[in-house]
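Summary of the model geometry
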Amino acid sequence: MRLFPVACRAAEQKMADLFTGELHIRERLELEAHADSCARCDAALRDLSTISVALDRAYAPLRQRGTLLSPARVRLAARVEPRPVATWWRVGFVGRLSEATMALGFAALVLGGSLDIAVKPEIIPAASAPSVIKDYMRTQPPYEETAYLRWLRFQLRAIGAAAVPAVRYPAGGQYDVEQVTIEDDWLNTAGPR
Amino acid sequence: MTEQSAKRPAQSEERRTDRELVYAARDGDMLAFDALFYRYRDGIYRLGLAITKDPSHAEEIAVDTFSRAYRALARLEPEGSLRPWLYRVAVNLSYNRRPRKGVILSPLEDSANDTFQSEERSPSVLAEQAELRRIVLAAVDTLGPKHRIVVVLHYMNGLNLAEIAQVVDCPIGTVKSRLHYALRRLRAHLSAHPEFGIEPMTLLMPSSRRMVAPAVEPLPGEPQ
């Protein structure tokens, strides 16, 4: 079933091009010639022209509006923001499970605190308790001279040394070695004072 | 008025094409991005304003559109103008911010602006024009989103059919048919207002006598 002649349908399709300014001059002349011979297309063309002008005028004030936005606001908005990291306890089933576990733990803490359960600590005798500090101090030589000699002799005996070397001490303020005197020390820094 | 008071980029930036500006901005030239911003700022603002009818939403849309462009600088490859890409983003953002049904926002007409620009007209003429504008914009609001965006992009932003096709991502023929359908719907809607002088539509009235031929043969002697 055909409602309109082909010429009217073609004219309607050309009307949209006419209002967008993309109709060739030859087609425009054809459209106007058809509108002269067809009252219906003539009315449609006239009405659509009226609407086109009305739309143009309706949007005219809006076309003159502007904004004072600055590019700095765009840069601020475009700043790469850190993505919120979904913590593991917030993720689905794991989150529910952790919540239930924490609830159970808290309940156990409350109930356990209310129960009087006497737990006797195991007493370790002090004598048999190992002490790293004592072992360390035992292996260190004492500071006092006589105790040091005794400790040294004991150590040498413990490792199986044959004889204890004789220790020579300075006697009467004299050294047991020859003193070296630097003759050309004009600053007099090397000699004994 | 607004362009004069706003900070404008240098003349050399305005002469460069969008492609050159995008490549320069990609290399860290912020003046190039500013030039792009000032080039399309007002158009995107108006587009957002026409769809959302809220100036604050329109500003947010403009900022969001350019911030997306800023983030997408590395993969932007504008063959010609960057405008279709920006407008497409702005249209999508605008429809996400459209007011809900039943929410009445202030109309788009700017009476103060009109008064400022046409001081020689009488108040009655201005009021009549504002009323006509309100009727037309209300009629545009009755259109569906696909048809309304075509009307807005053509009559307010001045885009041609090819640019509209790029923005709405469909063939030019589809844009043409949508625009024609929108105009016909507006004609039907505005014919109820005698101020426009539009005749009531008789689109379904057949123009051929064959269509009115009765399906049943008339009886002999009955006038045809």
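Residues numbered from 1 in each chain as written. Chains lettered and ligands numbered in written order. Predicted model: local features only at pLDDT ≥ 70, side-chain atom pairs only at ≥ 80, totals over all residues. Heavy atoms only, no water.

**Some words on the overall build of chain B**
- Helix and strand counts for chain B stand at eleven helices and zero strands.
- The order of α-helices and β-strands along chain B, N terminus first, is α-α-α-α-α-α-α-α-α-α-α.
- Per-residue burial over chain B gives 43% buried out of 224 residues.
- Counted over contacts in chain B with a minimum sequence separation of 6, partners at least 24 positions apart contribute 62%.
- About 12500 Å² of surface is accessible on chain B, with carbon and sulfur atoms providing 53% of the total. (Helix = DSSP H or I, 4+ residues; strand = E, 2+ residues; numbered from the N terminus. Buried < 20%, exposed > 50% of the residue type's maximum accessible area, 1.4 Å probe, protein only. Contact = heavy atoms within 4.5 Å. Areas by Shrake-Rupley, 256 points an atom, 1.4 Å probe, with all protein chains shown as cover.)

**With respect to helix 3 (residues 18-26) of chain B**
All names here are of chain B.
- Those residues of helix 3 that fall on the buried side of the exposure criterion are Asp18, Leu21, Val22, Ala24 and Ala25. Mapping the buried residues of helix 3 onto a view down its axis gives an arc of 165 degrees, with all of them on the same face.
- At the C-terminal side of helix 3, Gly28 shows a positive phi close to 105 degrees. (Arc of directions from axis to C-beta.)

**Considerations on the pattern of salt bridges**
Residue and element names in this part refer to chain B.
- Within the structure shown, the criterion is met by 14 salt bridges over all chains.
- Where Arg16 meets Asp29, a salt bridge forms, and the shortest distance between an N and an O atom there is 3.8 Å. Of this pair, Arg16 sits in the loop between helix 2 (11-15) and helix 3 while Asp29 sits in the loop between helix 3 and helix 4 (30-52); the two residues are 13 residues apart in sequence, bridging distant segments of the chain.
- Arg16 gets classed as partly exposed once you look at its relative accessible area, which sits at 25%.
- For Asp141, the salt bridge identified is with Lys53, shortest N-O distance 2.0 Å. Remark: Lys53 occurs in the loop between helix 4 and helix 5 (55-71) and Asp141 occurs in helix 8 (residues 123-141); sequence separation between them is 88 residues. (Salt bridge = Lys/Arg side-chain N within 4 Å of Asp/Glu carboxyl O.)

**Observations concerning unusual backbone geometry**
All names here are of chain B.
- Notably, Lys53 is not glycine yet its phi reads approximately 65 degrees, a positive angle.
- Of note in this structure, Asp169 is not a glycine but carries a positive phi near 60 degrees.
- Residue Asp169 is classed as exposed on the basis of its relative accessible area of 59%.

**Examining the packing of aromatic side chains**
- Under the criterion given, the structure shown has four aromatic pairs over all chains.
- Plain terms: the ring middles of Tyr148(A) and Trp151(A) are 6.1 Å apart, the flat faces sit at 25 degrees to each other, and that makes the pair stacked. One end of the pair, Tyr148(A), and the other, Trp151(A), are both in helix 8 (residues 145-158), three residues apart, so they sit about a helical turn from each other.
- Pairwise contacts between aromatic rings join Phe37(B), Tyr38(B) and Phe66(B) into one cluster.
- Geometry around Tyr87(B) places Arg83(B) over its ring, the cationic atom sitting 6.0 Å from the centre. (Phe/Tyr/Trp six-rings, centres within 6.5 Å; stacked < 30°, edge-to-face > 60°. Lys NZ or Arg CZ within 6 Å of the ring centre and 35° of its normal.)

**Things to note about a nonpolar patch on the surface**
Residue and element names in this part refer to chain A.
- On the surface, Phe93, Val94 and Leu97 cluster together into a nonpolar patch covering about 310 Å² of accessible area.
- By the element assignment, Phe93 lies in helix 6 (residues 92-114).
- Of the residues examined, Phe93 reaches a relative accessible area of 64% and is grouped as exposed. (Patch = residues over 30% accessible without salt bridge, like charges linked within 9 Å, V, L, I, M, F, W, Y side chains within 5 Å.)

**Concerning the packing of helix 5 (residues 71-78) of chain A against helix 5 of chain B**
- Their axes nearest at 8 Å, the elements helix 5 of chain A and helix 5 of chain B cross at an angle of 65 degrees. Judged by the twist between their axes, the crossing of helix 5 of chain A over helix 5 of chain B is right-handed. Together, Arg73(A), Val74(A), Ala77(A) and Ala78(A) of helix 5 of chain A and Glu59(B), Glu60(B), Val63(B), Phe66(B), Ser67(B), Tyr70(B) and Arg71(B) of helix 5 of chain B make up the contact between the two elements.
- In terms of residue class, the contact of helix 5 of chain A with helix 5 of chain B is built from six nonpolar, one polar and four charged. (Axes fitted to C-alpha atoms, helices over the stretch in contact; angles between N-to-C directions. Left-handed = near helix turned anticlockwise from the far one by under 90°. Nonpolar A, V, L, I, M, F, W, Y, C, P; charged D, E, K, R; others polar.)

**A short note on the confidence of the model for chain B**
Residue and element names in this part refer to chain B.
- For chain B, the average pLDDT comes to 76, and 72% of its residues sit at 70 or higher.
- Within the model, pLDDT remains below 50 along residues 1-6, and this stretch shows eleven contacts once partners closer than five positions in the same chain are excluded.
- The model gives residues 110-116 a pLDDT under 50, and that stretch makes seven contacts with residues more than four places away or in other chains.
- Among the scores for the predicted complex, ipTM is 0.71 and pTM is 0.59. (pLDDT = per-residue confidence, 0-100.)

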